[in-house]
Structures are given as C-alpha cells and as structure tokens.
Amino acid sequence: MSNPEHHPRSAAREVWQGRLGIRRPKRPVFAGLYGVVVLALVALAVVDASSHAGGGSARTNLTLMAPAAPGGGWDLAARESQQAMRSSGVVNNVQVVNVPGAGGTIGLSQTVGRKGDESLLMVTGTVMLGAINVTGSDHTMADTTPIARLADDYLVVVVPSDSPFQTIEDLLEAWRQNPSGTTVGGGSLGGSDHLLAGLLARESGIDPEKLNYLAYSGGGEVTTALLSHTVHAGISGYNDFSDQIETGRFRALGLSAEDPIDGIDVPTFIEQGVDVALPNWRGVMAPPGLTEEETQELRDIVTEMAASEEWADAVSRNRWKDTFMVGEEFEEFLTTETARIDQIVEELGL
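Read on for an overview of the structure. Not measured: the values here are computed from a predicted model.

Regarding the overall build of the protein chain
- In terms of helices and strands, the protein chain carries 12 helices and 10 strands.
- Out of the 350 residues in the protein chain, the part that is buried amounts to 48%.
- A separation threshold of at least 6 residues defines the contact pool for the protein chain, and within that pool the share at least 24 residues apart is 78%.
- With an accessible surface of roughly 16,500 Å², the protein chain has 51% of that area assigned to carbon and sulfur atoms.

Quick word on the packing of aromatic side chains
- Applying the stated rule across the entire model yields five aromatic pairs.
- Between F241 and F250 the ring centres are 5.6 Å apart and the planes differ by 85°, which places this aromatic pair in the edge-to-face class.
- Here the aromatic rings of W311 and W320 are separated by 5.8 Å at their centres, their planes lie at 45°, and the arrangement is tilted.
- One aromatic cluster in this structure is built from W281, F330 and F333.
- The cationic tip of R149 hangs over the ring face of F333; the distance from NZ or CZ to the ring centre is 4.1 Å.

Section: the nonpolar core
- Residues L121, V157, W175, L196 and W311 are the most contacted members of the largest nonpolar core, which totals 78 residues.
- Grouped together as the second largest cluster of nonpolar side chains are 17 residues, Y216, A225, L226 and I264 included.

Focus on the pattern of salt bridges
- Inspection of every chain in the model, using the stated rule, returns 14 salt bridges.
- Of the charged contacts, one joins D153 and R282 as a salt bridge, the two residues approaching to 3.0 Å between their closest N and O atoms. With D153 in strand β4 (residues 145-160) and R282 in strand β9 (residues 279-286), the pair connects residues that are 129 residues apart, well separated along the chain.
- Between R319 and E246 there is a salt bridge whose closest N-O contact spans 3.9 Å. Placement of R319 in the loop between α11 (309-317) and β10 (321-326) and of E246 in helix α9 (residues 238-246) is noted, with a sequence separation of 73 residues between them.
- For R319, a relative accessible area of 18% corresponds to the buried category.
- Classification of E246 by relative accessible area gives exposed; the value is 55%.
- Members of the salt-bridge network, linked through shared partners, are R59, E297 and E304.

A closer look at α9
- Here α9 has its buried residues at Y238, N239, F241, S242, Q244 and I245.
- In this structure, the buried side of α9 is in contact with α3 (73-88), β4, α8 (219-227), β7 (233-237) and β8 (250-255).

Thoughts on the environment of A252
- Examined against the element boundaries, A252 turns out to sit in strand β8.
- Relative accessible area serves as the criterion here: at 21%, A252 is assigned to the partly exposed category.
- Between the C-alpha atom of A252 and that of A233, which follows or precedes it by 19 residues, the distance is 9.8 Å.
- Not counting residues up to four positions away in its chain, the partners in contact with A252 are V156, V157, V158, I245 and V266.

Some words on the packing of α3 against α11
- Where α3 meets α11, the closest approach of the two axes is 8 Å, and the angle between their N-to-C directions is 150°. The angle between the axes of α3 and α11 places the two elements in the roughly antiparallel class. Crossing angle aside, the handedness with which α3 passes α11 is right-handed. Only E310, W311, A314 and R317 of α11 make contact with α3, whose side of the interface consists of A77, E80, S81, A84, S87 and S88.
- Tallied by class, residues from the contact of α3 with α11 come to four nonpolar, three polar and three charged.

A look at the environment of V159
- Along the chain, V159 turns up in strand β4.
- For V159, a relative accessible area of 0% gives the class buried.
- With 73 residues separating them along the chain, V159 and H232 place their C-alpha atoms 6.6 Å apart.
- Not counting residues up to four positions away in its chain, the partners in contact with V159 are F165, L226, H232, A233, R249, F250, R251 and L253.

Focus on the side chain of R149
- For R149, the location among the structural elements is in strand β4.
- Judged by relative accessible area, which is 9%, R149 ranks as buried.
- Here D152 takes part through its side chain, which lies 2.9 Å from a polar atom of the side chain of R149.
- Beyond its immediate sequence surroundings of up to four residues, R149 is in contact with W281, R282, G283, T323, F324, M325, F330 and F333.

Quick look at the pairing of β7
- Counting buried positions along β7 gives five out of five residues, so the element sits mostly inside the fold.
- Judged from the four bridges that link them, β4 and β7 form a sheet pairing that is antiparallel. Along β7, the bridge assignment pairs L155 with G237.
- Bridge count for strand β5 (residues 183-186) against β7 is two bridges, and the pairing is parallel. By the bridge assignment for β7, V184 is matched with A233.

What counts and how
Residues numbered from 1 in each chain as written. Predicted model: local features only at pLDDT ≥ 70, side-chain atom pairs only at ≥ 80, totals over all residues. Heavy atoms only, no water. Helix = DSSP H or I, 4+ residues; strand = E, 2+ residues; numbered from the N terminus. Buried < 20%, exposed > 50% of the residue type's maximum accessible area, 1.4 Å probe, protein only. Contact = heavy atoms within 4.5 Å. Areas by Shrake-Rupley, 256 points an atom, 1.4 Å probe, with all protein chains shown as cover. Phe/Tyr/Trp six-rings, centres within 6.5 Å; stacked < 30°, edge-to-face > 60°. Lys NZ or Arg CZ within 6 Å of the ring centre and 35° of its normal. Core = buried A, V, L, I, M, F, W, Y, C linked by side-chain atoms within 4.5 Å. Salt bridge = Lys/Arg side-chain N within 4 Å of Asp/Glu carboxyl O. Axes fitted to C-alpha atoms, helices over the stretch in contact; angles between N-to-C directions. Parallel < 35°, antiparallel > 145°, perpendicular 65-115°, else oblique. Left-handed = near helix turned anticlockwise from the far one by under 90°. Nonpolar A, V, L, I, M, F, W, Y, C, P; charged D, E, K, R; others polar. Polar contact = N/O pair within 3.5 Å; in protein donor to acceptor, adjacent residues only side chain to side chain. Pairing = 2+ DSSP bridges.

Right under this line is the structure:
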C-alpha cells in the first residue's frame, strides 16, 4: 500500500520556479519589493506549517487499517473506532482500509513499511500473534510501535441446528472417537480459532496434530461451510455467528471466556468442565520510527476515544469486555502475551 506525500516545501518551490519563468512587464520598485516581502512571508509560513505538521496530522487525517477482509472482527473493531472518533470529535477525518491475508501478517508487513508515518493505526490482536509464528512472518509486533489494547472479544464453538451434537461434550466425544474424521472450520492458520481448536483437543485427550482443521478467510465463509455441512463444527467470534445463533440456525456449544459474559447466553467451556479459555483481544499498533511526541499523540487520541460515550456504547453493543490499557502497561502485556501464544503454538505442534 503506497502513501506518497507531497511536501509543502516542494509545493512552494514549484510556485517559486513557475513565477521565475514568467516574463512580466517592469513594475515600480515598491511593487517588486512588495512581491518579495509577500513571497518571503509565504515561505516562512510554509516552513512553520511543515515544522508543526507532524504534531497535528494524526488529529486531522487518520487511517485505521483492518488487516483482514471486511466483515470480520478486526474490521468491526476498526469501523467502531472510526465511528467513535468521528462522533466524539477526537479526529477530524478517519478512514478504514482493509488489507487481508495470512492472519494479518500482510497488513503487518505494510505497516512496518510505513516507517515514520504517524497517520496510520493497524488493528491487531490474538490472531496475529499466532499467525506470525505459524506463517514464519518476516516481521513481528516488535517491529511496530505499540499504542493501546482496546477490548476483548470471545470465540464460540457452534454446530448447525440439525447436528447430533447437543453439548460440547457430545462434540468432544465424537472427536475422541474419530479425530481426523471430525472436521472443524475457523479462521486463518495459527489464529485464535485454530488455537482454540487445538486447546480443546489437547484438554480432551485428543492429539492436536491429528486435528482436522479447515482454515477460512473469515466468519462468513465458516458460516457457509457449516450450513453446507462441509465441517462438523465452526469457531469464530461470537458476533460473527450471533445472527445465526439467535435465529436458531446454529447451536452454540461453548464460549472461550473465563467467566460468563453479559448479553451472551452461552455457557463457557470452564462452566462445562473443560478447562479452556482464550480471550480474543483487540488493540492498535503504529508504524515504527515515530518520535516520542508522535507516539504520545496517537496514544492520547486512542485514550480519548476509549473514554467517549460512543466507544462505551460500541463495547456494550458488541458484547465486548473493556480491557483498555496504553503505554508501558500495554507493552508489558504484549511481551507476556507473545510468549504465551508462542508456547501454545509450540505445545500444540502447529
């Protein structure tokens, strides 16, 4: 993704050169002096604007990158952030771009390539940490500038309404009997859906390496696979399946939260005796190479958004859990979370 910039000094230089190339009739001396003074003032203004552009550009124009296709969890987080920033007046102009592929690592690569660009924020989370490991990505979170953790989403295991599996234990029992013959569909390889499938398998005595997992680009494709009975069970964020659950087309067997979540009438795996929990956190990162002032400005922007009524409404409406953290606290979380996900990937043989 390219982001060509036209520097104000270049614009001033073009104007200056254009004027030098135009032959004009002789003017009185005072008119010539007036023109020189005006041009000098314009040049000073351009230099001054340029020196202050970095501090205010994020407030004027900000791009939120969802490193996934439209309609998924990262896209939802990006668009809810966009709406909250606009409505609360935190940023004048906010746009969302989608860069799908490889569990978000394509978007990560493009973000790293935007070194020094303080007008970009990339949405990230659990999925990307696993994908970095599994795909052998050239870049990691350490190559970006951490800004903030926003909220936690939770995963749900579902089956079609005509499935013989009534509970999570029914599914796990069939899985134990025929590991490779029980197909589970979810998001990208190494992502949170894949990790949850592996954790459920391991906890239930199933060899994770025998896991028959089919990776799809998002919840929409998993829904199609479930309705066509291509897979026996599906895993995705609760919001991806909520409509199908509420209309009765899908049966929800378990939620990946540690404790029950308000507004989600699905028992956790822990409540059902399966000791597995996996929050799917959402956060935002900036490109590398920012100054301390630019980094702080982005942190301030996201902090103000997170404190707005519009964001509180988004968290409630989407049944997220507010886990906001910023600065050093978020950096420390990233360090421990990366180590935790890497350990899970290694233990599961993914």
